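The residues making up each chain are set out below.
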Amino acid sequence: GCNAIPGIEEVNMFKEDGTVLHFSAPKVQASVASNTFVVSGHGEVKRLEELLPGIINQLGPDNLMNLKRIAESFAATKGGSKDDDGDDDIPEVGDNFEDVSKK
């Protein structure tokens, strides 16, 4: 039979299309001897971006291409410009902070 595994906060199953089947607070049971796990609860299909950054430590090498795609699309939406970082109210300090702070 299966034994209940208490204290599981979430279960994420990574699909080949780059989406994630996400269970929040699922009921998990396991039969280690037969290498069988049962996850039950409300599962939602989410995009990987929706679960970042909390899911980073669960990603394996097979998700590297998805991360690269996300990073490229993020850079594209930011305009990819180094000068356009949204920090207009923060002055460039340069080499000497004291000179800038006196302005």
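Basis of the calculations
Residues numbered from 1 in each chain as written. Predicted model: local features only at pLDDT ≥ 70, side-chain atom pairs only at ≥ 80, totals over all residues. Heavy atoms only, no water. Helix = DSSP H or I, 4+ residues; strand = E, 2+ residues; numbered from the N terminus. Buried < 20%, exposed > 50% of the residue type's maximum accessible area, 1.4 Å probe, protein only. Contact = heavy atoms within 4.5 Å.

1. A short note on the overall build of the protein chain
Piece 1. A tally of regular secondary structure across the protein chain gives three helices and six strands.
Piece 2. In sequence order, the secondary structure elements of the protein chain are arranged as β-β-β-β-β-β-α-α-α.
Piece 3. The proportion of buried residues among the 103 residues of the protein chain is 18%.
Piece 4. Put simply, of all contacts in the protein chain between residues at least 6 apart along the chain, 38% involve residues at least 24 apart.

2. Comments concerning the environment of valine 20
Piece 1. Tracing the backbone shows valine 20 in strand β3 (residues 19–24).
Piece 2. For valine 20, a relative accessible area of 0% puts it in the buried group.
Piece 3. Sequence separation between valine 20 and glycine 43 is 23 residues; the distance between their C-alpha atoms is 9.6 Å.
Piece 4. If near-sequence neighbours (up to four positions away) are discounted, valine 20 is found in contact with Asn12, Met13, Phe14, Glu44, Val45, Lys46, Leu48, Leu51 and Ile55.

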